[in-house]
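Architecture and fold: a report
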Amino acid sequence: MAHRFRPDGRVNLYSVAKTFTSVAVGLAEAEGRLSLDDRLPDHLPEHAGPPSP
């Protein structure tokens, strides 16, 4: 079986990014920094815009 990873090859890490994001949200929820029912504009009001139709 051929080895998938090579020093000169690029590998997409999309699944790794999702895992780290999930862990970060879980830790923030456990520390009481956010609730899973919170809305994103409540935490990032500078990025809030009008709702899409």
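Okay, so let's go over this structure. (Residues numbered from 1 in each chain as written. Predicted model: local features only at pLDDT ≥ 70, side-chain atom pairs only at ≥ 80, totals over all residues. Heavy atoms only, no water.)

1. Remarks on the overall build of the chain
Within the chain, the secondary structure is distributed over two helices and zero strands. The 53 residues of the chain split such that 2% are buried. Accessible surface for the chain amounts to roughly 5500 Å². Of this, 58% is attributable to carbon and sulfur atoms. (Helix = DSSP H or I, 4+ residues; strand = E, 2+ residues; numbered from the N terminus. Buried < 20%, exposed > 50% of the residue type's maximum accessible area, 1.4 Å probe, protein only. Areas by Shrake-Rupley, 256 points an atom, 1.4 Å probe, with all protein chains shown as cover.)

2. Some words on helix α1 (residues 14-30)
The end-to-end C-alpha distance of α1, which contains 17 residues, comes to 25 Å, matching closely the 24 Å that a straight helix rising 1.5 Å per residue would cover. Where α1 ends, the next residue or the one after it, G32, has phi of about 80°, a positive value. (Expected span 1.5 Å × (residues − 1).)

3. A word on a nonpolar patch on the surface
A contiguous nonpolar surface patch, about 320 Å² in accessible area, is contributed by L13, V16 and F20. Within the secondary structure, F20 sits in helix α1. (Patch = residues over 30% accessible without salt bridge, like charges linked within 9 Å, V, L, I, M, F, W, Y side chains within 5 Å. Salt bridge = Lys/Arg side-chain N within 4 Å of Asp/Glu carboxyl O.)

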